[in-house]
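Topology and contacts: notes
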Amino acid sequence: MDLMIPDSGLLFWMLIAFGILFFILARFGWPAITGMVERRNEGIDKALSDAAAARQLLASLKLQEERILQQSREEQEKLIEQTTDLRKQLIEEAKEAAEKESKVILDRTREQLRIEKEAALQEIRLQVATLSVEIAEKLLRQQLESRDKQRELMDRLVEESFQLYE
Amino acid sequence: MRRTVRMVFLTALFAFVSFAVTAKEVKERPPIDIKDLLLEHLKDSYSWHFFDTKDKSIALPLPIIVRSKERGWFVFLSSKLEQEEGYKGFVLSTEGDTAGKIVETNKAGDVVRPFDISLTKNVIALFFSCLLLMAIVLSLARWYKKKEKAGEYDAVPDGMKGALEWFIMSIHYDVVKKSVGEDYKRYSPYLLTLFFFIFLNNLLGLIPIFPAGANLTGNIAITMGLALCTMIAVNVFGNKAYWKEILWPDVPVFMKAPIPIMQVIELFGIITKPLALMIRLFANVFAGHIIILALTSLVFLTVAMGPMINSTMSVISVLFTALMLVLELLVAYIQAYIFTMLSAIFIGMSRKTHS
């Protein structure tokens, strides 16, 4: 069966032709194509990984942003709380001071009132004394208007004085 | 559906008309020797035969280059061999082992074959396919080089070039890179050449008109040449671990010394691997062509059975031939793929660093 016996002439030409084909394509054909596609693929891979990195960075930035926001919110809350406290304290203090002040004023007023009252009382007392002396004088004068009465009084006084000396 | 019906009808009509035209003459011809007819189409020949007219065959004569041991080199056209007595002592042998080849009678009176490197039909087809492949790949490569020179490093080709790029890179990545391993870039040019050479020739073998139509990858000399290249690529560039695996494999000592059983088996393996490659490609392509030709010759074989059977069989033959051609398209790819992948795997095995 000569089908299974390779023909030497054809094999000869085959090795030459395939050799030349391989040489030329390996030199000028395939590397230009595969090289550029590989480089392009590498570029795409790099771009993809870069994008992934950027995405990650973005995510971390967002996280950071969130954290900062959270922080600032907390700070704000704290600040508000603090101010509220301060306000309360201030009001309290003001209230206290006002109370104290008013108390002092009240006290002072009370004292003044007391002193004035005392003075008024003093005055009243003085007037009452004067009045009573005047009234007594008037009463005495009324009683001693007649001569009899004056004598009687003089007598009684003398008698009394005698009695005292006895 | 309507289109299918119309196609079947047209095919039948065509078959019937062709039958009507040729029937009368054919009946007078001797019965067809189908085996010879098939093999003649598949074998190499010194001229490129197109078709026969009533009294002569139309063929393209090709140059014959032979070297007789006694008389030296001869170069002449194959058309000169058509005469009965041959040309300058060279005749086409018709019998024995040398049937179909050029022979001469030497001084001792023995019929011998001269050293024969004629540009036969297959050689011309080989040159044509090599030039075609070169043109395709180099024109694609030129596009890339042009883009590279222009600084457009991430330019992507479209249309046919894009499809070719995808095809090339699918072999480059899925076959070469995966099978060879680390230094796949070194072997990629060879394996790509191998794949596209086989694939292109498989396709050209399916096209029945000149300059395609030669049965190149279904010829054992061609597949042998390819297998030899792979054998060289595997063994010449094999590393230390590969040769150690062959000459001193990791098996119990009694299996490798004093009688080198394993070494013989391994050395045998060096030969059987490319041998299997050679036979597989040859047999697959050859078988596909045989089936297509056999189906086609149904048309001519059934002529003697009357117009009814002949026309029916013609329709069946054409349909099945078309079907087979579609299948052969698949086989063309698969066989090129398998040859390349196995070559890549063998190369990869010879380049493994750990044993």
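Keep in mind it's a predicted model, so treat the numbers as computed, not measured.

1. Concerning the overall build of chain A
Helix and strand content of chain A: two helices and zero strands. In terms of overall size, chain A is more extended than a compact globule, its C-alpha atoms giving a radius of gyration of 66 Å where 166 residues would be expected to give roughly 15 Å. Overall, chain A is about 200 × 25 × 25 Å in size when its C-alpha atoms are taken along their principal axes. Across the 166 residues in chain A, those meeting the buried criterion constitute 12%. Of the charged side chains in chain A, 25 are positive and 32 negative; the average position of the first set lies 3 Å away from that of the second.

2. Here we look at the interface of chain B and chain A
Accessible area lost on assembly of the parts is the figure often given for the size of an interface. On the chain A side, the residues contacting the 59 residues of chain B number 33 residues. Regarding the contact of chain B and chain A, the summed buried area is about 4100 Å², with carbon and sulfur atoms giving 78% of it. Area buried by chain B at its contact with chain A is led by Met134, Tyr144 and Thr193 of chain B, which between them contribute 12% of it. Run the count over chain B and chain A and you get five salt bridges. Note that Glu165 of chain B is salt-bridged to Arg40 of chain A, the shortest N-O span being 2.8 Å. The interface formed by chain B and chain A contains eleven residue pairs in polar contact (both at pLDDT 80 or more). Put simply, the parts of the chain that give the side of chain B that touches chain A at least two residues each are α3 (121-149), α4 (159-180), α5 (184-206), α6 (220-236) and α8 (261-301) of chain B. Looking at the side of chain B that touches chain A element by element, the count peaks at 15 residues for α3 of chain B. Split into classes, the residues belonging to the side of chain B that touches chain A amount to 39 nonpolar, seven polar and 13 charged.

3. Things to note about the domain arrangement of chain B
Domain annotation of chain B identifies domain 1 (61-116) and domain 2 (121-351). The centre of domain 1 of chain B, based on its C-alpha atoms, is set 33 Å off from the matching centre of domain 2 of chain B.

4. Observations regarding the sheet that holds strand β5 (residues 90-92) of chain B
If you trace the three strands from one edge of the open sheet to the other, you get β5-β6-β7 (chain B), paired in antiparallel fashion. Strands at the two margins of the open sheet, each flanked by one partner only, are β5 and β7 (111-112) of chain B.

5. Looking at the packing of helix α2 (residues 34-42) of chain B against α8 of chain B
Describing two packed helices takes the angle between their axes plus the distance from one axis to the other. Residue and element names in this part refer to chain B. Between α2 and α8, the shortest axis-to-axis distance is 10 Å and the interhelical angle comes to 135 degrees. Between α2 and α8, the crossing angle belongs to the class labelled oblique. The handedness of the crossing between α2 and α8 is right-handed. Along the contact surface, α2 presents Ile34, Leu37, Leu38, Leu39, His41 and Leu42, while α8 presents Phe286, His289, Ile290, Leu293, Ala294, Ser297 and Leu301.

6. So, the environment of Lys35 of chain B
Residues and elements named next belong to chain B. By the secondary structure assignment, Lys35 is in helix α2. Among the residues examined, Lys35 registers a relative accessible area of 58% and is labelled exposed. When the C-alpha positions of Lys35 and Ala294 are compared, they lie 9.1 Å apart, and in sequence the two are 259 residues distant.

7. Overview of a negative patch on the surface
All names here are of chain A. There is a patch of like negative charges on the surface, built from Glu74, Glu75, Glu77, Glu81 and Asp85. Relative to the elements of secondary structure, Glu74 occurs in helix α1 (residues 8-143). Accessibility expressed as a relative area gives 47% for Glu74, which makes it partly exposed.

8. Considering the sheet that holds strand β8 (residues 115-116) of chain B
Residue and element names in this part refer to chain B. The three strands lie next to each other as β4-β3-β8, forming an open sheet whose pairing is antiparallel. Here the strands that pair on one side only, and so sit at the sheet edges, are β4 (72-77) and β8. Relative to β4, strand β3 (residues 63-68) runs antiparallel, the two being bridged by six bridges. Its bridge partner lying in β4, Ile64 is registered against Phe76.

9. Quick look at the nonpolar core
Core analysis: the largest hydrophobic core is formed by 76 residues, its most contacted members being Phe18 of chain A together with Leu126, Leu191, Phe196, Phe197 and Leu226 of chain B. Ranked by size, the runner-up nonpolar core spans nine residues in total, among them Tyr46, Val66, Leu81 and Tyr87 of chain B.

10. Examining the packing of aromatic side chains
A full pass over the atoms with the stated rule returns 26 aromatic pairs over all chains. Taken together, a centroid distance of 5.1 Å and an interplanar angle of 80 degrees make the contact between Phe167 of chain B and Phe196 of chain B edge-to-face. Of this pair, Phe167 of chain B sits in helix α4 while Phe196 of chain B sits in helix α5, and the two are 29 residues apart along the sequence. Each member of the pair, Phe167 of chain B as well as Phe196 of chain B, is classed as buried. An aromatic cluster of three or more residues is present, and its members are Trp30 of chain A together with Trp166, Phe167, Phe195, Phe196, Phe199, Tyr333 and Tyr337 of chain B.

11. Here's the deal with the pattern of salt bridges
Counted by the stated rule, this structure contains 15 salt bridges over all chains. Residue Arg110 of chain A pairs with Asp107 of chain A through a salt bridge whose shortest N-O separation is 3.8 Å. With a gap of three residues between them, Arg110 of chain A and Asp107 of chain A both fall in helix α1, about one helical turn apart. For Glu152 of chain B, the salt bridge is made with Lys147 of chain B, and the minimal N-O distance between the two is 3.6 Å. Residue classification places Glu152 of chain B among the partly exposed residues on the basis of a relative accessible area of 37%.

12. Comments concerning helix α7 (residues 240-247) of chain B
All names here are of chain B. Turning to α7, its buried residues are Ala241, Tyr242 and Ile246. One side of α7 carries all its buried residues, which in axial view fall inside an arc of 140 degrees. Considering only its buried residues, α7 is in contact with α6, α8 and α9 (307-350).

13. A word on unusual backbone geometry
Residue and element names in this part refer to chain B. Here the amide bond leading from Phe210 into Pro211 is cis, since omega sits at 5 degrees, within 30 degrees of zero. Tracing the backbone through its elements, the reader meets Pro211 in the loop between α5 and α6. Despite not being glycine, Lys88 shows a phi value in the positive range, around 50 degrees.

14. A look at the side chain of Ser78 of chain B
You can see Ser78 of chain B is positioned in the loop between β4 and β5. What Ser78 of chain B contacts, discounting residues up to four positions off in sequence, is Tyr46, Ser47, Pro61, Leu62 and Ile64 of chain B.

15. What to know about the state of the cysteines
All names here are of chain B. Considering all chains together, one arrives at zero disulfides over all chains under this definition. Free of any disulfide, Cys130 has its nearest cysteine sulfur in Cys229, 11 Å distant. According to the relative accessible area criterion, Cys229 is buried, its value standing at 18%.

What counts and what doesn't
The numbering scheme is per chain: residues are counted from 1 as the chain's sequence reads. Labels follow written order: the first chain is A, the first ligand is 1, and so on. With the structure being a predicted model, the display of local features is reserved for residues of pLDDT at least 70 and the display and counting of side-chain atom pairs for 80 or more, all residues being used for whole-chain, interface and lining totals. Side-chain measures were taken over the full set of non-hydrogen atoms in the model, leaving aside hydrogen atoms and water. A run of H or I in DSSP becomes a helix once it reaches four residues, and a run of E becomes a strand once it reaches two; helices and strands are each numbered from the N terminus. Each radius of gyration is computed over the set of C-alpha atoms, and the globule rule expresses the reference value as 2.2 Å times the number of residues to the power 0.38. Summary of the burial criterion: residues with accessible area below 20% of their type's maximum are buried, those above 50% are exposed, and those between are partly exposed, where the area comes from a 1.4 Å probe applied to protein chains only. None of His or the chain ends enter the tally, which takes Lys and Arg as positive and Asp and Glu as negative. Where a charge lies is defined by one atom per residue type, namely NZ (Lys), CZ (Arg), CG (Asp) and CD (Glu). Only heavy atoms enter the contact rule, under which two residues are in contact if any of them lie within 4.5 Å. Buried area, as used here, totals the accessible surface that two parts lose on assembly, with accessibility defined by a 1.4 Å probe and the loss added over both. What makes a salt bridge here is a side-chain nitrogen of Lys or Arg within 4 Å of a carboxyl oxygen of Asp or Glu, nothing more. As used in this structure description, the phrase polar contact means that two N or O atoms lie within 3.5 Å; if the pair is within protein, one of them must be able to donate a hydrogen and the other to accept it, and residues adjacent in sequence are counted only when both atoms belong to side chains. Amino acid classes used here: Ala, Val, Leu, Ile, Met, Phe, Trp, Tyr, Cys and Pro are nonpolar; Asp, Glu, Lys and Arg are charged; the rest, including Gly, are polar. Throughout, the edges of the domains are those of an automatic or database domain assignment. In this analysis, strands are considered paired if DSSP registers two or more bridges between them. Axis geometry follows a simple rule: fit a line to the C-alpha atoms, using only the stretch in contact for helices, then measure angles between N-to-C directions, giving values from 0 to 180 degrees. Throughout, the term roughly parallel applies to angles under 35 degrees, roughly antiparallel to angles over 145, roughly perpendicular to angles from 65 to 115, and oblique to all others. Two helices that cross are described as forming a left-handed crossing if the nearer one is turned anticlockwise from the farther one by less than a right angle, and a right-handed crossing if clockwise. Two distance rules govern patches: like charges are joined within 9 Å, and nonpolar side chains (Val, Leu, Ile, Met, Phe, Trp, Tyr) within 5 Å, applied only to residues with over 30% relative accessible area and no salt bridge. Using the Shrake-Rupley algorithm and a 1.4 Å probe, accessible areas are obtained, with residue cover drawn only from the displayed protein chains. We define the nonpolar core as a collection of buried residues of types Ala, Val, Leu, Ile, Met, Phe, Trp, Tyr and Cys that are connected through side-chain atoms lying within 4.5 Å of one another. Between 30 and 60 degrees the pair is tilted, below 30 it is stacked and above 60 it is edge-to-face, where a pair is any two Phe, Tyr or Trp rings, Trp via its six-membered ring, whose centres lie within 6.5 Å. Note that the arc is computed from the directions linking the helix axis to the C-beta atoms. To count as a disulfide, a pair of cysteine sulfur atoms needs to be within 2.5 Å.

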